[in-house]
Amino acid sequence: MFKIQKRINSEDFFKLLLIVFWGKGFWCSYLRAVFLRIPIVSMIADWIIPAVTVLCVLGAINYITKKVTARDILFILCAAVAYCINLLIYKETSEYLVEIAFDFWLMVLPLYFVGLCIKEENLKLLYKISLLNLWLFFVYSALFGSLVLEEQALYSGAMGRAYRLLPQVLMLALFELEKPSKFGMLTLIMSSVYLFFCGTRGAVLCLFVFLALFVIVKKPLKNHPVLYLFMGFAMILLVLFYNEILMWLGWLAEQVGMSDRIIRKILSEELFTSDGRTYIRNAVRLGILERPVLGYGIAGDRALVSSYSHNLLLELLVSFGIPAGSVVFVCIVVIILNGYKKAADRQIKDLVLMLFCSSFVKLLVSSSYLLEPLFFLLMGVCVKQMRNAGRRINSVVELSEDNYENM
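Attention in this report is confined to the structure presented alongside it.

Of regular secondary structure, the chain possesses 19 helices and zero strands. Partitioning the contacts of the chain with sequence separation of at least 6, the portion at a separation of at least 24 is 76%. Total accessible area on the chain stands at roughly 22,400 Å², and carbon and sulfur atoms take up 70% of it.

Overall, the coordinates contain 19 aromatic pairs when judged by the stated rule. Judged by centre distance (5.8 Å) and plane angle (5°), the rings of tyrosine 83 and phenylalanine 104 are stacked. Pair noted here: tyrosine 83 is in helix α4 (residues 70–89) and phenylalanine 104 is in helix α5 (residues 91–108), with a separation of 21 residues, a long-range link. Note on accessibility: tyrosine 83 and phenylalanine 104 belong to one class, buried.

Locating serine 367 in the fold gives a position in the loop between α18 (346–363) and α19 (373–406). For serine 367, a relative accessible area of 9% translates into the label buried. Leaving out residues up to four positions away in the same chain, serine 367 has contacts with Tyr308, His310, Glu315, Lys362 and Glu372.

Another point: unusual backbone geometry. A positive phi angle, near 60°, is found at histidine 310, a position not held by glycine. When you line up the elements, histidine 310 lands in the loop between α16 (300–305) and α17 (312–342). At serine 367, a residue that is not glycine, the phi angle is positive and equals roughly 65°.

Before going further, it helps to examine the nonpolar core. Phe14, Leu165, Phe210, Met354, Tyr369 and Phe376 are the most contacted members of the largest nonpolar core, which totals 89 residues. Looking at which element gives the most residues to this core, the answer is helix α9 (residues 159–176), with 11 residues. In this structure, Ile280, Val305, Leu314 and Val318 belong to the second largest nonpolar core, which totals nine residues.

Helices that pack against each other are described as a pair by the angle of their axes relative to one another and the distance between those axes. One can describe the packing of α9 onto helix α10 (residues 182–196) by two numbers: an axis separation of 10 Å at closest approach and a directional angle of 150°. Between α9 and α10, the crossing angle belongs to the class labelled roughly antiparallel. Both α9 and α10 take part in a crossing whose hand is left-handed. On the side of α9, the interface is formed by Arg161, Ala162, Leu165, Leu166, Val169, Leu172, Ala173 and Glu176, while α10 contributes Gly184, Met185, Thr187, Leu188, Ser191, Ser192, Tyr194 and Leu195.

The rules behind these values
One numbering rule holds for all chains: residues counted from 1, following each sequence as written. The model is predicted, so local features are restricted to residues of pLDDT at least 70 and side-chain atom pairs to those at 80 or more, both for listing and for counting; the totals for chains, interfaces and linings are taken over all residues. Side-chain descriptors were evaluated using all non-hydrogen atoms of the structure, hydrogens and water having been removed beforehand. Here a strand is any run of E in DSSP of at least two residues, a helix any run of H or I of at least four, and the numbering for each starts at the N terminus. In what follows, a contact means two residues having at least one pair of non-hydrogen atoms within 4.5 Å. All accessible-area figures derive from a Shrake-Rupley calculation using a 1.4 Å probe, and residue coverage is judged against the displayed protein chains alone. We call Phe, Tyr and Trp rings a pair once their centres come within 6.5 Å, taking the six-membered ring for Trp, and we label the pair stacked below 30 degrees between planes, edge-to-face above 60, and tilted otherwise. Buried residues are those whose accessible area, probed at 1.4 Å on protein chains only, stays under 20% of the maximum for their type, while exposed residues exceed 50% and partly exposed ones sit between those limits. The term nonpolar core refers to a set of buried residues drawn from Ala, Val, Leu, Ile, Met, Phe, Trp, Tyr and Cys, joined through side-chain atoms within 4.5 Å. Each axis is a line fitted through C-alpha atoms, taken for helices only over the stretch in contact, and angles between the N-to-C directions span 0 to 180 degrees. Throughout this description, any angle smaller than 35 degrees is read as roughly parallel, any larger than 145 degrees as roughly antiparallel, any in the 65 to 115 degree range as roughly perpendicular, and the remainder as oblique. Each helix crossing is assigned a hand: it is left-handed if the near helix lies turned anticlockwise from the far helix by less than a right angle, otherwise right-handed if that turn is clockwise.

In structure tokens form, the structure reads like this:
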């Protein structure tokens, strides 16, 4: 009885850990702002959320370790050895690796283990947290004017805010596009429009890729002919009044203090161009040609352009060389495809689809895998599905052998 109670407590701590992780950029940030305004508590405000996170990890350690295998430990040890070797050999990137070491080893890579433990019932919890996060964000924006700055509206868009909203919006879409509710759909529409007017093309691309894949895979509209008519009518209006609609949307964005950057990019036919990123990628490509076999070590792109490559494949090739980098990229793709294919549960398949769009697709146009917790969460979820499929096959084989022996 004691062991059962202990296991339940450990799993409850894991759920608390999910709540903290999924709300880190929203209600956790707002709580920190509140703590900073309390005289005595303000002295330790920056340590409260990390301390709660550590407490949740310690409480959930019993539950998490049951899902971890020797291969997972070997993976972490190999990653640690590679990290240390890069610190010693590749001096060009050693300073950057030291700078991100705390975040990578304690905030990014551990999400792989979280992915190994996520179950179907956890998704409903994440959905509720996303709903709460988005409304907290709307209320906070309305009260304190969290709008896009003029410089952001013109040049970069609110990139950090857009990518922070993206997984919340996609998690909400998973449930609302399947079984819509009035309140949920209202939240989804509002948050999607807000995401668009943040002015970050990469985040909007991830959203559209998700919607396209969702429609292709799930076919949610097959029993709703009225929606097809509505979409057809909307497409006709868009074709007939293309410029007028875009100009009106740009005017609306300016009126409410949001970014019309994507609208301007579309109207000027520069949606798929970026001088800054083109320069970075060209410099990285030249660097790959100079060291095609061994590369520049982990985070090798920082040695060339002092920035990430804005493309996962380029980052892997410049870091590990063309042979090893290509193998790692192919392995990642194979793990994702197999994880999706072998997931027995429908909602886990949806989770893989959501994480694929919010992390892997994002990494093809922005950010770095060294800074992307959701990427390692995706890897953990997919590896777990592959293992579960292997166990199911073994169970079927053992059952067949037992039946054969009993004949």
